[in-house]
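Survey of secondary and tertiary structure
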Amino acid sequence: MGLERMDLERQVALMQKKIDREREARKMAETLLESKSLELYQTKQLVEQNLEQMRDQVASGSDFLSYQQKMDNLLLRFGHTFLKYQPSFGIIKELLDALISSHAVSACAVKISCQSTPALNITYCSEIDEKCTPPAKLDTIGEHWDEGHQLHWFSLSNSAVTGYLVTRIDERREWHTTIRKHMNLIGEMLRTSIDRQLKLEDAIRARKSAEESEKSTRDFLAMINHELRTPLNGLLGTAELLSDTQLDNHQSGLLSTLHHSGELLRAIINDLLDYSKINAGMMELAIKPFDSRLMTNMLKDIFQHPANEKQLDFSIHFMPDTPQWLLGDEDRIKQIFVNLIGNAIKFTQQGYVSVTIGWQDEALRFMVRDSGCGIPKDKIATLFQPFTQVDNSSNRQHEGTGLGLAICKKLAEQMKGWIDVDSEDGRGTTFTVTLPLEINQVTVDENKGQLGGAASIDDLSILVVEDLKTNQMIIKLMLGKFGITPAIADNGQKALEILEQQDFDIVLMDCRMPVLDGYATTERLRSTGYNKPIIALTAGTTKAEREECFTAGMDDILCKPYQSAELREMIEKWGTETVPH
């Protein structure tokens, strides 16, 4: 019985311990639960706070993104506007008003001052106190942030413009860096637009000045061309007419000197005028078929006599594979050849001058060799410069302007060709000209348009319209050699009066005359149905002057100074033709 009681008490004790442990465990659990509940509550509070902050950030980011999108669109729109139009008060006002409507900028102003371009003097102010003045060194530093007044200044000044763009930024501080960058972009856009407008104005002024300068150059060349060639026509024409009279040996010598001096003067005038025309862009090539063999024979006829006078062995070799008919400006090609052959003969005292004309690689090749004085190596580099000669000393032996080779080089280049020179001082010189030309494939009638000396012209009636008495006398004497006695009119008005009373086969019309010039006279005649040939007598040689003749209604041009052979050829050409108008 006692054992059973002891066993029962032990079990009760164990049960009590178990209950105590469970109670302790429950207390610990309750304590832990309370702790966890507090943690959960605190976590919930933190999450709710973070969520609220995130909501605020999302709202702020949305506003910022909206602002950026507005600014991107504004920059794009006004960037295109300033590319298309010049900066003006209306466009700049629209830009600044758009800035204020973006809510990032609450006030703004622009001031631009430009003396050279009054249209760029622009001032616009919106909600900015006019007493606000830019920082003293704004033009130096480019931009400035005025923290106290929340103003962003941007300089628009350059060498020709003074000005600025100022904006008040009232947005939250974290936006300021981005907004100021946008204001800089807008300022750069304005400054670039102003610079572009100034450059455009400069370009317009430069173009206008260039056009005025070109017109002045053309007018000057036309005037000086006329003023130099007109008296030269009297000089050379008189010398030619004197050669047909009976002269003793002394008179013949004087006439020879006069004729030589006149031809030298004509060559100098031609060189000066040609070089001026080339530099002024007024030299135009007249491309037409020409006979290369005939040109070669003409060159031989021109230079054989001066070569014989110096006892030089002169020869021209025309290579058999050279095409006979080519397309090019024969007169300018001949001018190159005449200059080079003339120089070779001038600078060769003994020995030979040899010319070879051939065809190679679709180009006309012209080679002039001489045994003359040669050219020092250090002078070759400057050989083609204008007004330059190998010997520029005051006691030089050879006359000339030093323009011949410069003109040859420019003419060759205008024809897409070039000139090479090979020389050694004291051992002669070789010039090689290469001119890319086209072969004329059309068969040319060599006799077309040429009536020759056999044509009878002494029964033609001719009216000469010329204001200068000297030229009247010369052309009257030249025509008298052909058996023609012309009628003379001092100006275009008198010519119209004469033509109302009498009919003529040909009218020879000077272009520059008082009262009524040749252009206006011809236009009046053509407007009344006059259809007889009218030939221009002009000292003008430019394309513009020639076109003016044809536009007025003239049929052909005889350039001063002219020789009697040229006058006869023109009369033979038009004396038997009927020209419809």
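Residues numbered from 1 in each chain as written. Predicted model: local features only at pLDDT ≥ 70, side-chain atom pairs only at ≥ 80, totals over all residues. Heavy atoms only, no water.

Following the sequence through the fold, Glu-362 ends up in the loop between strand S9 (352-360) and strand S10 (363-370). Judged by its relative accessible area of 54%, Glu-362 is exposed. The sequence separation of Glu-362 and Leu-437 amounts to 75 residues, and the corresponding C-alpha distance is 6.7 Å. Apart from the residues within four sequence positions on either side, Glu-362 is in contact with Pro-436 and Leu-437. (Helix = DSSP H or I, 4+ residues; strand = E, 2+ residues; numbered from the N terminus. Buried < 20%, exposed > 50% of the residue type's maximum accessible area, 1.4 Å probe, protein only. Contact = heavy atoms within 4.5 Å.)

Before going further, it helps to spend a moment on the packing of helix H12 (residues 518-527) against helix H13 (residues 543-552). Between H12 and H13, whose axes approach to 8 Å, the crossing angle comes to 25 degrees. When the interaxial angle is binned, H12 and H13 end up roughly parallel. For the pair H12 and H13, contact is made by Tyr-519, Thr-522, Glu-523 and Arg-526 and by Glu-545, Glu-548, Cys-549 and Ala-552, respectively. When grouped by side-chain class, the residues that make up the contact of H12 with H13 number three nonpolar, one polar and four charged. (Axes fitted to C-alpha atoms, helices over the stretch in contact; angles between N-to-C directions. Parallel < 35°, antiparallel > 145°, perpendicular 65-115°, else oblique. Nonpolar A, V, L, I, M, F, W, Y, C, P; charged D, E, K, R; others polar.)

Moving on, we come to a nonpolar patch on the surface. On the surface, a nonpolar cluster with roughly 270 Å² of combined accessible area is contributed by Leu-235, Leu-242, Leu-258 and Leu-265. Broken down by secondary-structure element, the contributors of at least two residues to the nonpolar patch are helix H4 (176-242) and helix H5 (249-279). When you line up the elements, Leu-258 lands in helix H5. The exposure class assigned to Leu-258 is partly exposed, which follows from its relative accessible area of 33%. (Patch = residues over 30% accessible without salt bridge, like charges linked within 9 Å, V, L, I, M, F, W, Y side chains within 5 Å. Areas by Shrake-Rupley, 256 points an atom, 1.4 Å probe, with all protein chains shown as cover. Salt bridge = Lys/Arg side-chain N within 4 Å of Asp/Glu carboxyl O.)

The next point concerns the pattern of salt bridges. Any two side chains of opposite charge can pair if their charged atoms end up close together. Applying the stated criterion across every chain, the model contains 13 salt bridges. With a shortest N-O distance of 2.5 Å, Lys-409 and Glu-413 are connected by a salt bridge. One end of the pair, Lys-409, and the other, Glu-413, are both in helix H9 (residues 404-414), four residues apart, so they sit about a helical turn from each other. Residue Lys-469 pairs with Asp-490 through a salt bridge whose shortest N-O separation is 3.5 Å. Placement of Lys-469 in helix H10 (residues 469-481) and of Asp-490 in the loop between strand S15 (487-489) and helix H11 (492-501) is noted, with a sequence separation of 21 residues between them. The network of salt bridges with common partners includes Glu-466, Asp-510 and Lys-560.

Between its first and last C-alpha atoms helix H6 (residues 292-309) spans 27 Å; for 18 residues at 1.5 Å apiece the expected length is 26 Å, and the two agree. Within H6, burial applies to Ser-292, Met-295, Thr-296, Leu-299, Phe-303 and Ala-307. Among the structural elements, strand S6 (288-291), strand S7 (313-318), strand S8 (325-328), helix H7 (330-346), S9 and S10 are those in contact with the buried residues of H6. (Expected span 1.5 Å × (residues − 1).)

Note on placement: Met-473 falls in helix H10. Sequence spacing of Met-473 and Thr-238 is 235 residues, and the spatial spacing of their C-alpha atoms is 9.2 Å.

Turning our attention to the nonpolar core. Core analysis: the largest hydrophobic core is formed by 42 residues, its most contacted members being Ile-336, Ile-341 and Phe-366. Counting only elements with at least two residues in this core, the list comes to H5, H6, S7, H7, S9, S10, H9 and strand S12 (429-436). It is H7 that contributes the most residues to this core, seven residues altogether. Phe-366 has contacts with Leu-299, Phe-337, Ile-341, Val-355, Thr-356, Ile-357, Phe-431, Thr-432 and Val-433, leaving out every residue within four places of it along the chain. (Core = buried A, V, L, I, M, F, W, Y, C linked by side-chain atoms within 4.5 Å.)

With 13 residues, H10 should cover 18 Å at 1.5 Å per step; its first-to-last C-alpha distance of 19 Å lies within 8% of that length. Residues of H10 that are buried include every one of Asn-471, Gln-472, Ile-474, Ile-475, Met-478 and Leu-479, and no others. Gly-483 sits one or two residues past H10 and shows a positive phi near 85 degrees.

Across the nine residues of strand S5 (residues 161-169), seven count as buried, placing the element largely inside the fold. Direction of pairing for strand S1 (residues 105-114) relative to S5: antiparallel, over a ladder of nine bridges. Within the sheet, the bridge partner assigned to Cys-114 lies in S5 and is Val-161. In this sheet, S5 lies alongside strand S4 (residues 151-155) in antiparallel orientation, the contact comprising five bridges. The partner of Leu-151 across the bridge, within S5, is Arg-168. Count of turn residues in the S4/S5 antiparallel hairpin: five residues. (Pairing = 2+ DSSP bridges.)

To continue, consider the confidence of the model for the protein chain. Across the protein chain, the average pLDDT comes to 81, with 87% of residues at 70 or higher. Here residues 390-398 is modelled with pLDDT under 50, and outside its nearest four sequence neighbours on either side it reaches eleven contacts, counting other chains as well. Note that residues 446-454 has pLDDT below 50 and, in this model, nine contacts with residues that lie over four places away or in other chains. (pLDDT = per-residue confidence, 0-100.)

Look at H11 against H12: their axes get within 9 Å of each other, and the N-to-C directions meet at 25 degrees. Classed by the angle they form, the pair H11 and H12 counts as roughly parallel. Here the hand of the crossing between H11 and H12 comes out right-handed. Of the residues in H12, those in contact with Gly-492, Gln-493, Leu-496 and Leu-499 of H11 are Thr-521, Arg-524 and Leu-525. Of the residues contributing to the contact of H11 with H12, the split by class is three nonpolar, three polar and one charged. (Left-handed = near helix turned anticlockwise from the far one by under 90°.)

Now for the sheet that holds strand S3 (residues 143-146). In spatial order, the strands read S2-S1-S5-S4-S3; together these five strands make up an open sheet with antiparallel pairing. Among the strands making up the open sheet, the edge pair consists of strand S2 (122-126) and S3. Across this sheet, the average inter-strand angle for adjacent strands is 15 degrees, counted without regard to direction. Where helix H2 (residues 89-100) meets the sheet, its contacts fall on S1, S2 and S5, and the angle it forms with S1 comes to roughly 160 degrees.

A word on the pairing of S8. Pairing of S6 with S8 involves four bridges; the strand directions are antiparallel. For Pro-289, the partnering residue across the bridge sits in S8 and is Leu-327.

Moving on, we come to unusual backbone geometry. Peptide bonds are mostly trans, and most non-glycine residues show a negative phi. Backbone torsion omega between Lys-560 and Pro-561 reads -5 degrees, so that peptide bond is classified as cis. Tracing the sequence through the fold places Pro-561 in the loop between strand S18 (556-559) and helix H14 (564-575). In this structure, Asp-361 takes a positive phi of about 55 degrees despite not being glycine. Structurally, the position occupied by Asp-361 is in the loop between S9 and S10. Overall, the relative accessible area of 67% leaves Asp-361 in the exposed class. At Lys-416, a residue that is not glycine, the phi angle is positive and equals roughly 65 degrees. Mapped onto the secondary structure, Lys-416 falls in the loop between H9 and strand S11 (418-423). Under the relative-accessibility criterion, Lys-416 is labelled exposed at 67%.

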